[in-house]
Amino acid sequence: MTDNPAATNDVAASLRSRINTGQPHTARIWNYWLGGKDNYEVDRAAGDQIRQLHPGIGEYARADRLFLGRAVRHLVGEAGIRQFLDIGTGLPTADNTHEVAQRIAPESRIVYVDNDPLVLAHARALLTSTPEGRTDYLDEDLRNVDAILEHAAKTLDFTQPVALMLLGVVIFIGDDEDPYGLVRQLTDRLPAGSHLVLSHTVTSPSMPDVDEAVRFWNEHGTPKLKQRTPEDVARFFDGLELLEPGVVSCSRWRPEGGDGAEPEEVAMFGGVARKN
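In every chain, residue numbers begin from 1 and rise along the written sequence. Only residues with pLDDT of at least 70 are given local features in this predicted model, and only at 80 or more are side-chain atom pairs given and counted; all residues enter the totals for whole chains, interfaces and linings. By convention in this description, side-chain values take in all heavy atoms of the structure and omit both hydrogens and water.

## A short note on the overall build of the chain
Then, number 1: Helix and strand labels come from DSSP, where a helix needs a run of H or I of at least four residues and a strand needs a run of E of at least two; each type is numbered from the N terminus. Each helix and strand in the chain was counted, giving 10 helices and eight strands.
Then, number 2: When contacts within the chain are restricted to residue pairs at least 6 apart in sequence, those whose partners lie at least 24 apart make up 73%. Every residue pair with non-hydrogen atoms within 4.5 Å of one another is taken to be in contact.

## Let's talk about the packing of helix H2 (residues 26-33) against helix H3 (residues 41-53)
Then, number 1: Axis definition: a line fit to C-alpha positions, over the contact stretch in the case of helices; interaxial angles, taken between N-to-C directions, run 0 to 180 degrees. At a minimum axis distance of 9 Å, the contact between H2 and H3 shows a crossing angle of 70°. Relative to H3, H2 is oriented roughly perpendicular. The interaxial crossing formed by H2 with H3 has right-handed handedness. On H3, the residues that touch Arg-28, Ile-29, Tyr-32 and Trp-33 of H2 are Val-42, Asp-43, Arg-44, Ala-46, Gly-47, Asp-48, Ile-50 and Arg-51.
Then, number 2: Here the term charged refers only to Asp, Glu, Lys and Arg, the term nonpolar to Ala, Val, Leu, Ile, Met, Phe, Trp, Tyr, Cys and Pro, and the term polar to all other amino acids, Gly among them. The residue makeup of the contact of H2 with H3, split by class, is six nonpolar, one polar and five charged. Any angle that is under 35 degrees is reported as roughly parallel, and any over 145 degrees as roughly antiparallel; angles of 65 to 115 degrees are reported as roughly perpendicular and all others as oblique. Note on convention: near helix rotated counterclockwise from far helix by under a right angle means a left-handed crossing. Clockwise means right-handed.

## Topic: the confidence of the model for the chain
Then, number 1: For every residue, the predictor states its confidence as a pLDDT score lying anywhere from 0 to 100. Per-residue confidence for the chain gives a mean pLDDT of 86, with 89% of residues at or over 70.
Then, number 2: Note on residues 1-9: pLDDT is under 50 here. Beyond four places in sequence and across chains, it has seven contacts.

## Describing the pattern of salt bridges
Then, number 1: The term salt bridge refers to a pairing of a side-chain nitrogen on Lys or Arg with a carboxyl oxygen on Asp or Glu at a separation within 4 Å. Scanning all chains against the criterion turns up 13 salt bridges.
Then, number 2: With a shortest N-O distance of 2.5 Å, Arg-28 and Asp-43 are connected by a salt bridge. Of this pair, Arg-28 sits in helix H2 while Asp-43 sits in helix H3, and the two are 15 residues apart along the sequence.
Then, number 3: With a 1.4 Å probe rolled over the protein chains alone, any residue whose accessible area is under 20% of its type maximum counts as buried; one over 50% counts as exposed, and the rest are partly exposed. Residue classification places Arg-28 among the buried positions, given a relative accessible area of 2%.
Then, number 4: According to the relative accessible area criterion, Asp-43 is buried, its value standing at 0%.
Then, number 5: As a salt-bridge pair, Arg-228 and Asp-175 come within 2.9 Å of each other at their nearest N and O atoms. Remark: Asp-175 occurs in the loop between strand E4 (163-167) and helix H8 (179-188) and Arg-228 occurs in the loop between helix H9 (208-220) and helix H10 (230-234); sequence separation between them is 53 residues.
Then, number 6: Linked through salt bridges whose partners overlap, the residues forming this network are Asp-141, Arg-143 and Glu-177.

Here it is in structure tokens:
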């Protein structure tokens, strides 16, 4: 946010002072499952324990990441979207939203939003923009809709369509915090032609080991998460035009395998919808 190296270093030091290395954190475990290096021993230990309870859980992280790439490519290449508001960014890895979008349309603008200090400490170094486009980062919480939109408006033009990215973040909003209302507040403030991209872990009778893994996480990790049924996840898209194939396992949203075989279902469901 500044060209002053000293100020940049001061911000990074401030962010790192907020990092709790003694408790596993979801962003760092997600990074570990994706093969990243921005995690601690406590995160790796918790990640391994969760994987023992549910061996396929690492596939959710990969499926969610691949879903992000396919959704962004569709929005840029077919829907003509050039602006993205990515809330709950997570730790930067390969093919972040801006990289996928600007590969197709270099003029694309992306605002990332996260309140995790480790994410923000790395975002400054790892999230860079093409000269034609722009990338910005906000230290903010999904619950603070007004603040997010006010600051994002310095980079994004809210008279033009915006893609709202909520991948794996609404799971941290409890039922008592009106998660559907928060998502609706955001989509209501976006112009026609905007899109919502959302993914969420699900609970299902066919995947009992997922529930056990979530119970373990909520006992030992932070922040706590809330599972919802596939039907509950679909409610986040109420009032919007869902694109085919609807709300499905992230691995099955417009797969690009090309061999004709349907990908294995994972307990991370997602969808893309258009605001008319």
